[in-house]
Amino acid sequence: MKKHWQKPTLEVLEITMTMA
Amino acid sequence: MSTKKMVSLKDKVQQVKGNLVSDMGGEKVMLSIENGKYYNLGEIGGDIWELISEPIEIDQIVSKLMDHYEVTREECETEVTSFLAQLKKENLIQLKGDF
């Protein structure tokens, strides 16, 4: 059985680095 | 204003090597060593990423995805070329002629 299609998207993740 | 796509169905594409890729809950996430950005490719984007580990024509990618997903060729072609254009813009893939 074929899987449900969803539009492929490229999400840019914002990663916050904490200086310690 | 031009609406020309950056990629077309007869283009061959391949991953740019050297990115760190990991599976997270069925979705692929990636760290670009080149620009330091993190990306979430999602599930289908992850499938596409695996298909382009070696040079492959975009219409072949579409055919392989249609084997596994319930989607029309027209919709698949449009959305896959749009996705690959995003990857190209971020320098995550190279087109034939670049390699």
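Refer to the preceding data block for the structure.
Below is a summary of the structure that appears in this document. (Residues numbered from 1 in each chain as written. Chains lettered and ligands numbered in written order. Predicted model: local features only at pLDDT ≥ 70, side-chain atom pairs only at ≥ 80, totals over all residues. Heavy atoms only, no water.)

What follows covers the overall build of chain B. Across its full length, chain B holds 3 helices and 7 strands. Ordered by position from the N terminus, the helices and strands of chain B form the series β-β-β-β-α-β-α-β-α-β. Restricting the contact set of chain B to residue pairs at least 6 apart, pairs at least 24 apart contribute 57%. Of the roughly 5,600 Å² of accessible surface on chain B, 49% is carried by carbon and sulfur atoms. (Helix = DSSP H or I, 4+ residues; strand = E, 2+ residues; numbered from the N terminus. Contact = heavy atoms within 4.5 Å. Areas by Shrake-Rupley, 256 points an atom, 1.4 Å probe, with all protein chains shown as cover.)

On to the packing of aromatic side chains, then. Taken as a whole and judged by the stated rule, the model has 1 aromatic pair over all chains. With 5.7 Å between their ring centres and 75 degrees between their planes, Trp5 of chain A and Tyr69 of chain B make a pair best called edge-to-face. Note that Trp5 of chain A is positioned in the loop between β1 (3-4) and β2 (11-13) and Tyr69 of chain B in strand β6 (residues 69-70), a pairing that runs across two chains. The burial state of Trp5 of chain A is the same as that of Tyr69 of chain B; both residues are buried. (Phe/Tyr/Trp six-rings, centres within 6.5 Å; stacked < 30°, edge-to-face > 60°. Buried < 20%, exposed > 50% of the residue type's maximum accessible area, 1.4 Å probe, protein only.)

Okay, the sheet that holds strand β7 (residues 93-95) of chain B next. Residues and elements named next belong to chain B. A sheet is described by the order of its strands in space; here 3 strands give the open sequence β5-β1-β7, paired in antiparallel fashion. At either margin of the open sheet sits one strand with a lone partner, and together these are β5 (56-57) and β7. Where strand β1 (residues 12-15) meets β5, 2 bridges bridge the pair, whose relative direction is antiparallel. Counted as the bridge partner of Val13 is Ile56 from β5. (Pairing = 2+ DSSP bridges.)

Right, let's talk about the sheet that holds strand β4 (residues 38-41) of chain B for a bit. Through backbone hydrogen bonds, the strands of a sheet pair up, either in parallel or in antiparallel fashion. One open sheet accounts for 4 strands, arranged β2(A)-β4(B)-β3(B)-β2(B); its pairing is antiparallel. The sheet terminates laterally at β2 of chain A together with β2 (20-24) of chain B, the two strands that pair on one side only. On average, each strand axis in the sheet is tilted by 30 degrees relative to the strand beside it, whichever way the strands run. Two elements, strand β3 (residues 27-31) of chain B and β4 of chain B, share 3 bridges in a ladder whose sense is antiparallel. Residue Leu31 of chain B lies in a different strand from β4 of chain B, and its bridge partner there is Tyr38 of chain B. Against the sheet, helix α1 (residues 42-51) of chain B engages β2, β3 and β4 of chain B, with an angle of about 65 degrees to β3 of chain B. (Axes fitted to C-alpha atoms, helices over the stretch in contact; angles between N-to-C directions.)

No statement about biological role is implied by the geometric values presented.
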